[in-house]
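Residue-level listing of the chains:
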Amino acid sequence: MQMVDNYGSLLQAYGLKKIVESLGSSVEFIDIKKIEEDYVLTDSIEKYHFDESEEKTRLQKLFDKKIFVRLRNKVTIKLFKQKCRKFRIKELEISKKSTEYDLCIIGSDEVFNCLNAGWWGYTSQLFGNVSEAKKIITYAASCGATKFKDLPEIIKTSINRAICNISKISVRDNNTYDFMKEFGVVEIERNLDPVLIYDFDTEVMNAKFPRLPKHYCVIYSYSYRFYQEKEINTILEFCDKYNLTPIAIQGEQTWCKKFIACNPFECLKVFAHADFVITDTFHGTIFSAKYANKFAVIIRDSNANKLEDLIKKIGIEKHVLRDISYIESIYNVNKDKDAINKILKTEQIHTIKFLKKYINEDQKG
């Protein structure tokens, strides 16, 4: 997922790269391939596509009519894409390509979400059809909203054939665990996302802090996902009461006073200095749990599977905001940093042990 313009995608790629390098291996990234004979297998079925923002409200459309806001957002998005591209070149070193690999790690992220609206659709490559690798494992893989029961038999057959190439499967959520069980996989590892496992403290410390208001509230989401009048008005009233400037990161929210573009490390630094964070994304929740002091997580239908699982695993249930009207009560909740760090420390040890086993096998070979 390293080619996706998304802070979470880039940081999980970087985090996993650094972890594997610390275990003595050099790392390169293989691009996802759209395999036409695989892609057409889903032509007859309805692909999942969640977008709560398709029907924007009157208030959102009103903001959209402001020429300045539209121009500002267009410039910011262009700058954001430039920063993503530079990060891939410098930090991920994506220009490095080989024809053969000792080990291929598929994941993290929604690599098994074969019924999504991604441009590659279903590709057996993400299920183990990686001819350039001698050995294949997955790490913290997710199938997102894809369910085994919704797959046509022809795709199940293709997946079954591909996963025979995988030496070990690691998943990040219960839905993916059940998904793999349906394919007859007996032993399945559970691991946390690399952004939770890797320690970005040095990168964050050295990152430049963007010019921002002294007190601000981060709104971290995909574009226009905060579109309902009640949500917008409640957040604006809350920010006004506590003298916080709403700052949009990642996706544009035209009602926010500021929309900023920064590189991934700077993004984490913005979280660390925020008075409050409101997010409804998987990685936004991870950034908050690791770096924000106060935060609220909104669960939506489109991400309930992976978010609820994540929230339970790292023990941040008290930060869930199920009704926007209770935003102030969440604002008054302090993060239990020690408890979160204890969980992450245990999971870091588990991850290193898991990856070291397969990397060491290849080095011995």
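See the structure above.
Residues numbered from 1 in each chain as written. Predicted model: local features only at pLDDT ≥ 70, side-chain atom pairs only at ≥ 80, totals over all residues. Heavy atoms only, no water.

Engineer: Could you clarify how one ought to interpret the overall build of the chain in this entry?
Structural biologist: Of the regular secondary structure elements, the chain holds 14 helices and nine strands. Here the C-alpha radius of gyration of the chain, 21 Å, is about what a compact globule of 365 residues would show, namely 21 Å. Dimensions of the chain, computed from the C-alpha atoms along their principal axes, are close to 60 × 45 × 35 Å. Evaluated residue by residue, the chain yields a buried proportion of 57% over its 365 residues. In the chain, the proportion of contacts linking residues at least 24 apart, taken out of those at least 6 apart, comes to 79%. Here the chain displays about 17200 Å² of accessible surface, and carbon together with sulfur accounts for 49% of that area. Side chains of the chain carry 57 positive and 51 negative charges; the gap between the two charge centres is 5 Å. (Helix = DSSP H or I, 4+ residues; strand = E, 2+ residues; numbered from the N terminus. Rg over C-alpha atoms; globule rule 2.2 N^0.38 Å. Buried < 20%, exposed > 50% of the residue type's maximum accessible area, 1.4 Å probe, protein only. Contact = heavy atoms within 4.5 Å. Areas by Shrake-Rupley, 256 points an atom, 1.4 Å probe, with all protein chains shown as cover. Lys, Arg positive; Asp, Glu negative; His and termini not counted. Charge placed at Lys NZ, Arg CZ, Asp CG, Glu CD.)

Engineer: Any chance you could explain the sheet that holds strand E5 (residues 216-221) here in plain terms?
Structural biologist: To summarise the sheet geometry, strands pair through backbone hydrogen bonds and adopt either a parallel or an antiparallel arrangement. Here five strands make up an open sheet; going across it, the order is E7-E6-E5-E8-E9 and the pairing parallel. The open sheet has two edge strands, strand E7 (258-259) and strand E9 (295-297), and neither has a second partner. Sheet topology note: the E5/strand E8 (residues 276-279) ladder contains four bridges and is parallel. Of the residues in E8, the one forming a bridge with valine 218 is valine 277. (Pairing = 2+ DSSP bridges.)

Engineer: Where do I start with the pattern of salt bridges in this structure?
Structural biologist: Think of it this way: side chains of opposite charge can pair up when their charged atoms draw near. Using the criterion set out here, one finds 21 salt bridges in the structure. For glutamate 132, the salt bridge is made with lysine 33, and the minimal N-O distance between the two is 3.8 Å. With glutamate 132 in the loop between strand E1 (101-106) and strand E2 (133-138) and lysine 33 in the loop between helix H1 (7-22) and helix H2 (36-39), the pair connects residues that are 99 residues apart, well separated along the chain. Two residues, lysine 230 and aspartate 323, come together in a salt bridge whose shortest N-O distance is 3.9 Å. Pair noted here: lysine 230 is in helix H9 (residues 229-241) and aspartate 323 is in the loop between helix H12 (304-313) and helix H13 (327-331), with a separation of 93 residues, a long-range link. Look at aspartate 323 and you get partly exposed, because its relative accessible area is 30%. Here the salt bridges do not stand alone but share partners, grouping Lys17, Glu21, Glu93 and Lys96 into one network. (Salt bridge = Lys/Arg side-chain N within 4 Å of Asp/Glu carboxyl O.)

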